[in-house]
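Descriptive structure summary
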Amino acid sequence: MRRFSLWLRGKPMVADSMLAFALFVLDALTAPQAKYSLLFVAMGACIAAPVVFRRSHPRLVAWSLVMLSITTTVITHFLDDYEIGHPSLLGLGIALYTLVAYVGRRDAAIFVLALIIDAALALWLLEQSLTEVGGFIAVFYALCWITAEFMGARTAYDQEVAARLAVADYDRERSAHEAVIAERTRIARELHDVVAHAVSVMVVQADGASYALRQNPAAAETALANISSTGREALGELRRTVALLRTDETPEQMPQHGSAGIARVAEMMQRAGLTVEVQQTGQLDDIPPRVSLGVHRIVQESLTNVLRHAGPNARARVEVERRATDVLVEIVDTGRSAPPPNAFTGGGGNGLVGMRERVAVLHGTLIAGRLAGGGWRVRAVLPLDLPD
């Protein structure tokens, strides 16, 4: 049953079709008690059919059901067939639930007014008891509204938890990627040291051998032997080092930078509950990859810090501007002026240190600090022309 339930969640049209069919079956089972059974079944089918589209077109379905309910009341009155009502009219409560859960309270409140008019018309034309039928209708619609409020709050909570988990996974993956980059940088330094040392020795030995080739053949032979052994050692070190750099990463697995990468980070933070305003000025997609990666990481780390430390209802503004010779990155949030005592903030506290190190490597400047009126600002300037 759990697998079937999870499968239905991914196919709302199938679930709603099953619900509409159940309403129609209730009408069909009740039809023998009516004077005009075939007409009763036909009206039941018409009432149940819109329920199939209740989540894809909630407003249209709700108002269609109201009109069908009024039509059914009028037809029943003229045919003098008051023995039994249509069980499929329970779809009105389902439509109210759908409006509250998926559209909003304003549309649902307007729909409630239409339901009151529909109920009043039915009580008048069908000569039903206000205390009996009216009380049931009121309780039924109230339960539909309350259930929708509860389920809507639960769904919103689940979505926010899922978004925050996605942010955590995203942050963990980025941290792992940073660790890989740091290790590759270390290997690159070792590779440079191995190759530069070996080539320098080989060049010096080759120069010495060229001078000693005619005057001192033995010295030239020794120099050539040194060149050969040094080359073999360097080649072995080179092979071992390059083997560590071989990966199977595809372009889709590499981090996305530029304006699209910043928008993706902002969108992910918004799904986690943080209100983010992004303003990007200038051409950001053709700047040097190292600078683009730096901008991406500064925005990512700053917004993650806002999400962790700025408290509830915080807002963040991200401004990235490409200027003539540099890129300006500024992140400002409206969080609290200071964290509460004994508060758990998460993380290891190295985010700002990491940003300073990254900016320093890019020969830029970073200013970060608390604002006088509350909140925090991170401002970085990264030059476009980086020295080799």
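Rules behind the numbers
- Residues numbered from 1 in each chain as written.
- Predicted model: local features only at pLDDT ≥ 70, side-chain atom pairs only at ≥ 80, totals over all residues.
- Heavy atoms only, no water.
- Helix = DSSP H or I, 4+ residues; strand = E, 2+ residues; numbered from the N terminus.
- Expected span 1.5 Å × (residues − 1).
- Buried < 20%, exposed > 50% of the residue type's maximum accessible area, 1.4 Å probe, protein only.
- Arc of directions from axis to C-beta.
- Contact = heavy atoms within 4.5 Å.
- Patch = residues over 30% accessible without salt bridge, like charges linked within 9 Å, V, L, I, M, F, W, Y side chains within 5 Å.
- Areas by Shrake-Rupley, 256 points an atom, 1.4 Å probe, with all protein chains shown as cover.
- Salt bridge = Lys/Arg side-chain N within 4 Å of Asp/Glu carboxyl O.
- Axes fitted to C-alpha atoms, helices over the stretch in contact; angles between N-to-C directions.
- Parallel < 35°, antiparallel > 145°, perpendicular 65-115°, else oblique.
- Left-handed = near helix turned anticlockwise from the far one by under 90°.
- Nonpolar A, V, L, I, M, F, W, Y, C, P; charged D, E, K, R; others polar.
- Phe/Tyr/Trp six-rings, centres within 6.5 Å; stacked < 30°, edge-to-face > 60°.

Some thoughts on helix 4 (residues 58–79)
Helical geometry: 3.6 residues make up each α-helical turn, so side chains three or four residues apart lie on a common side. Taking 1.5 Å per residue as the helical rise, helix 4 with its 22 residues ought to reach 32 Å, and the 31 Å between its terminal C-alpha atoms agrees with that figure. All buried positions along helix 4 are accounted for by P58, V61, A62, L65, V66, S69, T72, T73 and T76. Angular distribution of buried residues about the axis of helix 4 spans 140°; they occupy a single face of the element. Within helix 4, the exposed residues directed more than 90 degrees away from the buried face are L60, M67 and F78. Structurally, helix 4 contributes buried residues whose contacts are with helix 3 (37–48), helix 5 (91–103) and helix 6 (105–125). Once helix 4 ends, the next one or two residues include D80, with phi positive near 55°.

Examining a nonpolar patch on the surface
On the surface, L26, L90 and F136 cluster together into a nonpolar patch covering about 270 Å² of accessible area. Summarising the element assignment, L90 is placed in the loop between helix 4 and helix 5.

Brief notes about the packing of helix 5 against helix 6
Between helix 5 and helix 6, whose axes approach to 9 Å, the crossing angle comes to 165°. The orientation of helix 5 with respect to helix 6, classified from their angle, is roughly antiparallel. Of the two possible hands of crossing, helix 5 and helix 6 adopt the one that is left-handed. Of the residues in helix 6, those in contact with L92, A95, L96, L99, V100 and V103 of helix 5 are D107, A108, F111, V112, L115 and D118. Its residues placed into classes, the contact of helix 5 with helix 6 shows ten nonpolar, no polar and two charged.

Some words on the packing of aromatic side chains
The full count for this structure, using the stated rule, is two aromatic pairs. An angle of 90° between the planes, with centres 5.9 Å apart, marks the rings of W63 and F111 as edge-to-face. With W63 in helix 4 and F111 in helix 6, the pair connects residues that are 48 residues apart, well separated along the chain. The class of W63 is partly exposed, set by a relative accessible area of 37%. For F111, a relative accessible area of 0% corresponds to the buried category. Judged by centre distance (5.6 Å) and plane angle (45°), the ring pair of F140 and Y141 falls under tilted. With a relative accessible area of 22%, F140 lands in the partly exposed category. Y141 gets classed as buried once you look at its relative accessible area, which sits at 16%.

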